Amino acid sequence: MPRIVLIPGDGVGPEIMESVIPVLEAVADKHGIPLQMEIHEAGDEVKRRRGVALPEETFQAVRRADATLMVAVGETAREVILPIRQELDLYVNLRPAKSYPVPNAVRGFDVTIVRENTEGLYVRSGWTNGDTAVDLRIITKRGSERICRYGYRYAREMAKDRVYAVHKANVLLGCMLFRDVCSSVAGEEGFEFRDMYVDAAAMRLAMDRPFDVIITTNMFGDILADLAAAYIGGLGMYPSGNIGDDNAVFEPVHGTAPDIAGKGVANPMATILSAAMLFRWLGYREAADDLERAVWRACELGYTTPDVGGRMRTWEVSARVRDLLNSGE
Ligand code: IPM
Ligand code: MG
């Protein structure tokens, strides 16, 4: 019986989560998945109330769960998602930017960013000395090897062959190590090694997109992912998974969107698509495909929120996705 933890978080998080729970129930029912869901809290609101953004019981629940679906946390994101990624060793940040039929997406855009998720500039180690601040950027052979291995294997599974290692090895020592490790892993996994400097990759992402999969270090992946979001209609359509060897936390790439929080217009699709990734990761491939199909159909029918050209509200979009799941239309 899969046990999943749900973390609504702050801002638009609770309204999105509330609308998405019935969708999760519907897909679980339809596919006979005996899903057990537990809601836990984390984020700014909890910190204000209890002095801690990631309460120990939430952390332990995430650790024990088969998988977690989190919407978004606000200013305390650094205190919530970074420790979860690091302490649970969720070393992959899988970010498939695939366009759905919404008017502000580029048709056919499909680039997956496989972002290293535990090291690089995110080790949270450094110091300030007077007018100087130092952030350490740690790149290890082990960290590079496992993310590259995941990236090439993912590409093989998804039948994608244009895989690029993206780095800045003309300047950074860590990137030289990363590039060399990726090059050997590519060979071992039966791929031609292709690589690109991150600045060039940003331009090519906007121009001719020679890649299906980008494997890169932590901060570069963070930045390129938001750039990729611009081609699929924005962050409201962008799901992700923080994935380790035996645990995973799925979350939309977007944040808490304080400007629209409480207005009921936030786009629930990124969370629904993150749930699809969660089901796929748990081995429920048909449930995942079914969810993605329902989102696709909802987009085609214009059952969408204003950020992607629609007129519906959060709950209506989720309710339509649920109806499409049930009707199998
Ligand atoms: C993301 C976010 C996070 C990151 C922040 C909120 C810590 O931007 O998941 O892309 O930088 O990884
Ligand atoms: Mg980001």
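### Looking at the packing of aromatic side chains
Link 1 in the chain: Evaluation of the coordinates by the stated rule reveals 6 aromatic pairs.
Link 2 in the chain: Ring geometry for phenylalanine 109 versus tyrosine 231: centroids 5.3 Å apart, planes at 10°, classification stacked. Placement of the pair is phenylalanine 109 in the loop between β4 (92-98) and β5 (110-116) and tyrosine 231 in the loop between α8 (218-229) and β11 (239-243), with a sequence separation of 122 residues.
Link 3 in the chain: You can call phenylalanine 109 buried: its relative accessible area is 2%.
Link 4 in the chain: Tyrosine 231 sits in the buried class, given a relative accessible area of 16%.
Link 5 in the chain: Aromatic pair tyrosine 152 and phenylalanine 191: ring centres 5.2 Å apart, planes at 45°, arrangement tilted.

### Points about the environment of glycine 32
Link 1 in the chain: Here glycine 32 shows up in the loop between α1 (13-30) and β2 (36-39).
Link 2 in the chain: Assessed through its relative accessible area of 61%, glycine 32 is described here as exposed.
Link 3 in the chain: The spatial distance from the C-alpha of glycine 32 to the C-alpha of valine 198 is 44 Å, given a sequence separation of 166 residues.

### Side note on the site of ligand 1
Link 1 in the chain: Taken together, the neighbourhood of ligand 1 is formed by Ala77, Arg85, Arg95, Arg115, Tyr122 and Asp222.
Link 2 in the chain: Residue arginine 85 places a side-chain N or O atom 2.8 Å away from an oxygen atom belonging to ligand 1.
Link 3 in the chain: Contact between ligand 1 and aspartate 222: an oxygen atom at 2.8 Å from a side-chain N or O atom of the residue.
Link 4 in the chain: For ligand 1, whose accessible area on its own is 320 Å², the fraction buried by protein is 71%.
Link 5 in the chain: For ligand 1, the cavity whose grid points lie within 2 Å of the majority of its atoms is the second largest pocket.
Link 6 in the chain: Here the shell around ligand 1 is built from residues that sort into 2 nonpolar, no polar and 4 charged.

Calculation notes
- Residues numbered from 1 in each chain as written.
- Chains lettered and ligands numbered in written order.
- Predicted model: local features only at pLDDT ≥ 70, side-chain atom pairs only at ≥ 80, totals over all residues.
- Heavy atoms only, no water.
- Phe/Tyr/Trp six-rings, centres within 6.5 Å; stacked < 30°, edge-to-face > 60°.
- Helix = DSSP H or I, 4+ residues; strand = E, 2+ residues; numbered from the N terminus.
- Buried < 20%, exposed > 50% of the residue type's maximum accessible area, 1.4 Å probe, protein only.
- Near = heavy atom within 4 Å.
- Polar contact = N/O pair within 3.5 Å; in protein donor to acceptor, adjacent residues only side chain to side chain.
- Areas by Shrake-Rupley, 256 points an atom, 1.4 Å probe, with all protein chains shown as cover.
- 1 Å grid on protein atoms, 1.4 Å probe; cavity = no way out; pocket = protein on both sides within 12 Å on 5 of 7 lines; lining within 4 Å.
- Sits in = over half its atoms within 2 Å of the grid points.
- Nonpolar A, V, L, I, M, F, W, Y, C, P; charged D, E, K, R; others polar.

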